[in-house]
Amino acid sequence: MTEQPLLRIITPSTTSEEIAAIVTVLASLGGGEPAAPEPRSEWASPARRMRGAPATSWRASGLPH
């Protein structure tokens, strides 16, 4: 089985600079695998701000209630 070319220039007057510009634009569009997101630090997690004091914290404080 013969592979088809990825790009075929059909205009005979196309210059090498024009071909280079087309290839550059197509290469910048990507098409590869997307980059994996960086792991987020648990210190930056918004869930950390949602934690309240435990219900039994007054027992551990040693202060009269």
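Located above this text is the structure these notes cover.
Every chain is numbered independently, its residues counted from 1 as its sequence is written. For a predicted model such as this one, the threshold for reporting local features is a pLDDT of at least 70, and the threshold for listing and counting side-chain atom pairs is 80 or more; totals across whole chains, interfaces and linings nevertheless cover every residue. Side-chain figures throughout are based on the complete set of non-hydrogen atoms in the structure, without hydrogens or water.

The subject of this paragraph is the overall build of the chain. Starting at the N terminus, helices and strands are each numbered in turn, a helix being any DSSP run of H or I of at least four residues and a strand any DSSP run of E of at least two. Within the chain, the regular secondary structure consists of two helices and zero strands. Residues classed as buried in the chain amount to 2% of the 65 residues present. For the chain, the accessible area works out to roughly 6,800 Å², and carbon and sulfur atoms hold 60% of it. Partly exposed describes any residue whose relative accessible area lies between the buried limit of under 20% and the exposed limit of over 50%, with all areas from a 1.4 Å probe on protein chains only and scaled to the type maximum. Values of accessible area rely on a 1.4 Å probe in the Shrake-Rupley scheme; residue burial ignores everything except the protein chains shown.

As for its position among the elements, Leu7 is in the segment before α1 (16–28). Looking at Leu7, the relative accessible area reads 38%, which means it is partly exposed. Put simply, Leu7 and Ile19 are twelve residues apart on the chain and 9.7 Å apart in space, counted from C-alpha to C-alpha. We call two residues contacting when some pair of their heavy atoms lies within 4.5 Å. Beyond its immediate sequence surroundings of up to four residues, Leu7 is in contact with Ile22, Val23 and Leu26.

For Ile9, the location among the structural elements is in the segment before α1. A sequence separation of ten residues divides Ile9 from Ile19, and the C-alpha atoms of the two residues are 8.1 Å apart.

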